[in-house]
Amino acid sequence: MPSFIHARSSRHQRGVAAIEFALIAIIMIVLLLGMLVFWRTFQTQQSLNRAAGDGARRALTLITNGVDPCKSSTGGQNQTLIQSNVLTIIQQQIKQAGLDDANVSVLNPMWDCPRSMASNGSFSFDVKYALPPLLQTSQNWVTEPDNLQIKERIVVHFPPAT
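Predicted model only: the values in this text are computed from it and were never measured.

**Details of the pairing of strand β2 (residues 121–129)**
Burial within β2 is extensive, with eight of its nine residues counted as buried. Across seven bridges, the pairing between strand β1 (residues 104–112) and β2 is antiparallel. Across the sheet, the residue bridging to Leu 107 is Asp 126, located in β2. Judged from the five bridges that link them, β2 and strand β4 (residues 154–158) form a sheet pairing that is antiparallel.

In structure tokens:
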């Protein structure tokens, strides 16, 4: 076999391998970016859930330690105090998780005061976090979740004040 045929064949094979690598590399990069965006979204959702739970525990601690949100004379002030404490705790936890605490908000706080000594009261709220896009692109082929919100409301049940 002449040597010039062998040389032409190996150069041709190297070109085919480069084209195959380019096609596979594009698919792999898109998959890796998708996994990165999913992982970041998942981690943020977990941090948000943990922060909301800590905020609920703070509300329950304040209520059981004498900050009565249902007292007729100071109930409104105490509710505002509890809500601001919940927001502060949630912001601290979000910041500790390495996220921007300015993007978190506590929405729709609702109070249900006990009607008798036999029933419990409740405080419920939603937590919302605006997640900025990771890739900062406006092209339509890349879609990222930009707004995470806990699906279920956080509800704190508390006993009536004695």
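**So, the pattern of salt bridges**
Going through the model one piece at a time under the given rule, you end up with two salt bridges. Arg 57 serves as the salt-bridge partner of Asp 54, at 2.5 Å between the closest nitrogen and oxygen. With a gap of three residues between them, Asp 54 and Arg 57 both fall in helix α1 (residues 3–64), about one helical turn apart. By relative accessible area, Arg 57 is classed as exposed at 51%. The partner of Asp 112 in a salt bridge is Arg 115, and the shortest N-O contact between them spans 3.1 Å.

**Thoughts on the state of the cysteines**
Under the counting rule described, the total for this entry stands at one disulfide. There is a disulfide in this structure between Cys 70 and Cys 113, and the S-S distance comes to 2.2 Å. As the torsion about the S-S bond is roughly -90 degrees, the Cys 70-Cys 113 disulfide counts as left-handed. Of the two residues, Cys 70 sits in the loop between α1 and α2 (75–96) while Cys 113 sits in the loop between β1 and β2, which places them 43 residues apart along the sequence.

What counts and what doesn't
- Residues numbered from 1 in each chain as written.
- Predicted model: local features only at pLDDT ≥ 70, side-chain atom pairs only at ≥ 80, totals over all residues.
- Heavy atoms only, no water.
- Buried < 20%, exposed > 50% of the residue type's maximum accessible area, 1.4 Å probe, protein only.
- Helix = DSSP H or I, 4+ residues; strand = E, 2+ residues; numbered from the N terminus.
- Pairing = 2+ DSSP bridges.
- Salt bridge = Lys/Arg side-chain N within 4 Å of Asp/Glu carboxyl O.
- Disulfide = S-S within 2.5 Å.

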